[in-house]
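# A closer look at the structure
The lines below spell out each chain.
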Amino acid sequence: MITALQILFVLLLLIIIIHFVFKPRRKRSIWWPANYRELLLDYCAFYERLDDEAKKNFEEKFEKFLSSVSITGANADVEDLDRVLIGAAAVIPVFYIRDWEYVHLREVLLYPGNFNVDFEQSGNERMISGMVGTGYMQHVMILNKWDLRQGFINSGSNRNTAIHEFVHLVDKMDGTLDGVPELLLERKYVERWKDLLHVEMDRIRQGLSDIDAYGATSLVECFAVISEYFFEQPEQFKVFHPELNTMIERIFLRKG
Ligand SMILES: [Zn+2]
């Protein structure tokens, strides 16, 4: 005989099942602002230079990126412009690479200012403006809001912190962060590429290069700094660094 208690139990079970099966999906925050195209035109020279068809292609990649990676403020307000600039910086380096995805990246943390190697925002050694996480932070990128914006507002410069960090992710995609993006650069060019980076690092140390001094730190940083310059001032880079330009076009523009 079925008791009232048993009926109650079955009802309770049904409620629990219905709750989990038909649970309304948590509404995700808006991934990109409605006027993002205007913001891209105003702040992103790379996008502005593209023809209509390429702009559409850029927008697709931009929306895909922003819908797959969360952007969180760490004591910083994530404003529409920040979202747009992060999306743009993610797309720019890989725009010409077919079906690229930053598969390991889950979150971009936005700090208001510089931070140190322990991700602390105060205290000594506040000198890092962007970072690709390692270890327990390996799916996270940290950007500093001020530098993120400067990279796009200051259109005459050859620096862009956010592009720099995304280039590190491109570099790291083959498993090693070493200044050589093996997935993109044909093996036959690898030695020449490293030689060219070493030569340029020497030129930077001797004060003979217009490439930012931070590029002399290591092959990894040299690749990232050169890439910033290539994407920010393509014409100038081509004139001043023709050999590096040919090689970097092989990497990012997939030219043979
Ligand atoms: Zn770096």
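Keep in mind the model is a prediction, meaning the values are calculated, not measured.

Another aspect to go through is the nonpolar core. F58, Y102, F166 and W193 are the most contacted members of the largest nonpolar core, which totals 70 residues. With 10 residues, helix 5 (residues 80–94) is the single largest residue contributor to this core. Contact partners of F58, with chain neighbours within four places excluded, come to L40, C44, F46, Y47, L50, A88, V91, I92 and F95. Among the nonpolar cores identified, the runner-up in size contains six residues, and A74, L109, Y111 and V140 belong to it.

Distances from the zinc ion to its protein donors, H164 (NE2), H168 (NE2), E221 (OE) and E221 (OE), fall within 2.0 to 2.8 Å. Considering all four donor atoms around the zinc ion, angles at the metal cover 52 to 139° and the coordination shape is irregular. Look at where the donors of the zinc ion fall in the sequence and you get H-x3-H-x52-E. Within this pair, whereas H168 is found in helix 7 (residues 161–172), its partner E221 is found in helix 9 (residues 219–232), the two being separated by 53 residues in sequence. For H168, a relative accessible area of 6% translates into the label buried.

It is worth spelling out the pattern of salt bridges at this point. In the structure shown here, the tally under the stated rule is 14 salt bridges. Across the salt bridge formed by R192 and E243, the nearest N and O atoms sit 2.8 Å from each other. With R192 in helix 8 (residues 190–205) and E243 in helix 11 (residues 242–252), this pair connects stretches of sequence that are 51 residues apart. With relative accessibility at 36%, the residue R192 sits in the partly exposed group. The exposure class assigned to E243 is partly exposed, which follows from its relative accessible area of 46%. For R205, the salt bridge goes to D202, with nearest N and O atoms at 3.0 Å. Taken together, the residues R205 and D202, both in helix 8 and three residues apart, mark about one turn of the helix. Residue class for R205 comes out exposed when judged on its relative accessible area of 52%.

Reading the values: the criteria
Residues numbered from 1 in each chain as written. Predicted model: local features only at pLDDT ≥ 70, side-chain atom pairs only at ≥ 80, totals over all residues. Heavy atoms only, no water. Core = buried A, V, L, I, M, F, W, Y, C linked by side-chain atoms within 4.5 Å. Buried < 20%, exposed > 50% of the residue type's maximum accessible area, 1.4 Å probe, protein only. Helix = DSSP H or I, 4+ residues; strand = E, 2+ residues; numbered from the N terminus. Contact = heavy atoms within 4.5 Å. Donors = N, O, S within 2.8 Å, 3.2 Å for Na, K, Ca; no water. Tetrahedral: all angles 85-135°; square planar, octahedral: opposite > 155°, others 65-115°. Salt bridge = Lys/Arg side-chain N within 4 Å of Asp/Glu carboxyl O.

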